[in-house]
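Results of the structural survey
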Amino acid sequence: SDALDVAGQQVEYKFVVSEPTTLLLDSLTNSSDLYWSLQGSNGTVRYDTRFDDESGYSEVIKLNSGGVYTLKIRSGSNSAASFGFRLLNLGAIPVQTLPAMQSITLNPGNSTQVFAFDGAAGNTFSFQASTVLGGSVRAYIVNPNGDRESGIYDASLGFSRPLSYTGRYVLVVQGSVANTAPVEVSFRAAFAQNREMALALESENFSRLDARSVTDT
């Protein structure tokens with residue numbers, strides 16, 4: 001956590017990446033007045049983004065090259081304010097083998113946890129939560145290109161999504177920025193398996209279908 005100590009102040013954080021990677025800014029502050037932006041040697045990577053933005057488009061940051069980057073925090077009203085955030089490197093997450101069961105606690109409740117898995121184009125990824133207690137939680141996946149692959153889903157409802165690419169994916173489990181208490185989440189992540197069953201064709205069924213067809217014409 002950090003703070004803008006005086007009105008009009010801006011805080012800057014510099015960091016270095018050695019190769020292209022994907023980051024996720026995990027906002028821990030529910031404020032519509034605080035903004036973050038990111039600049040690199042090739043220009044602006046992300047323009048002013050509110051700390052309470054939950055669109056899912058701005059928090060995932062694809063860096064196309066290594067180099068020095070500057071993360072800037074400012075107040076829209078030039079007010080003093082406290083804030084907190086984490087900057088997660090999605091390329092450095094240990095890979096999980098699916099299927100996997102996870103029981104986690106988001107603490108604080110508006111924080112994010114991420115899980116990496118390897119997938120192949122055409123696989124259908126499935127997320128099913130058995131427990132979401134203490135607040136609202138959403139979930140989505142980021143593809144190997146560093147783009148959000150799916151829509152943003154209510155974690156309590158679960159979702160399934162065909163994968164478009166082969167490679168490393170990241171599942172994002174994210175507490176609502178408005179949560180004020182820790183949130184417990186239990187879920188299963190897996191690849192959906194199609195079932196094949198033999199079907200016996202009965203002549204009686206075909207007779208009934210034929211008769212109906214003749215009547216309709």
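Refer to the structure presented above.
Residues numbered from 1 in each chain as written. Predicted model: local features only at pLDDT ≥ 70, side-chain atom pairs only at ≥ 80, totals over all residues. Heavy atoms only, no water.

Let us look at the pairing of strand 18 (residues 183-191). Where strand 11 (residues 100-106) and strand 18 come together, seven bridges link them in antiparallel fashion. Paired with M101 across the strands is R188, a residue of strand 18. In this sheet, strand 18 lies alongside strand 13 (residues 124-133) in antiparallel orientation, the contact comprising eight bridges. Directly across from Q128, in strand 18, lies its bridge partner R188. (Pairing = 2+ DSSP bridges. Helix = DSSP H or I, 4+ residues; strand = E, 2+ residues; numbered from the N terminus.)

Before going further, it helps to examine the nonpolar core. Among the nonpolar cores identified, the biggest contains 21 residues, and F117, F125, F127, I141, L171, V173 and F187 are the most heavily contacted of them. Considering each element in turn, this core owes the most residues, four residues, to strand 18. In this structure, L4, F15, L63 and Y69 belong to the second largest nonpolar core, which totals 17 residues. (Core = buried A, V, L, I, M, F, W, Y, C linked by side-chain atoms within 4.5 Å. Buried < 20%, exposed > 50% of the residue type's maximum accessible area, 1.4 Å probe, protein only.)

Let us look at the packing of aromatic side chains. Tallying each qualifying case throughout the model produces twelve aromatic pairs. Pairing F15 with Y69 gives two aromatic rings, centres 5.8 Å apart and planes at 20 degrees, and the pair type is stacked. Highlighted residues: F15 in strand 2 (residues 10-17) and Y69 in strand 7 (residues 67-75), separated in sequence by 54 residues. A relative accessible area of 18% means that F15 is categorised as buried. Accessibility expressed as a relative area gives 5% for Y69, which makes it buried. Their ring planes at 15 degrees and their centres at 6.3 Å tell us that F83 and F85 sit as a pair that is stacked. (Phe/Tyr/Trp six-rings, centres within 6.5 Å; stacked < 30°, edge-to-face > 60°.)

What follows is about the sheet that holds strand 5 (residues 43-50). Read across the sheet, four strands follow the order 2-7-4-5 without closing on themselves; strand pairing throughout is antiparallel. Whereas interior strands pair on both sides, the edge strands pair on one side only; in this sheet they are strand 2 and strand 5. Each neighbouring strand pair of the sheet contributes to a mean axis angle of 15 degrees, computed without reference to strand direction. In terms of strand pairing, strand 4 (residues 34-40) meets strand 5 through five bridges, oriented antiparallel. (Axes fitted to C-alpha atoms, helices over the stretch in contact; angles between N-to-C directions.)

Its boundaries defined by the atoms lining it, the largest pocket holds a volume of some 230 Å³. Forming the boundary of the largest pocket are 13 residues, of which T22, L90, G91, P144 and R168 lie nearest the centre. Only strand 3 (21-27) and strand 17 (167-175) provide two or more residues apiece to the lining of the largest pocket. For the lining of the largest pocket, the class distribution of residues is five nonpolar, six polar and two charged. (1 Å grid on protein atoms, 1.4 Å probe; cavity = no way out; pocket = protein on both sides within 12 Å on 5 of 7 lines; lining within 4 Å. Points joined across faces, edges and corners; volume = space filled by probe spheres on them. Nonpolar A, V, L, I, M, F, W, Y, C, P; charged D, E, K, R; others polar.)

Glancing now at the environment of A190. Inspection of the secondary structure puts A190 in strand 18. Counting along the chain gives 137 residues from A190 to D53, while the straight-line C-alpha distance between them is 29 Å. Excluding anything up to four places from it in sequence, A190 contacts L98, P99, T124, F125 and S126. (Contact = heavy atoms within 4.5 Å.)

That's the geometry; what it means functionally is another story.
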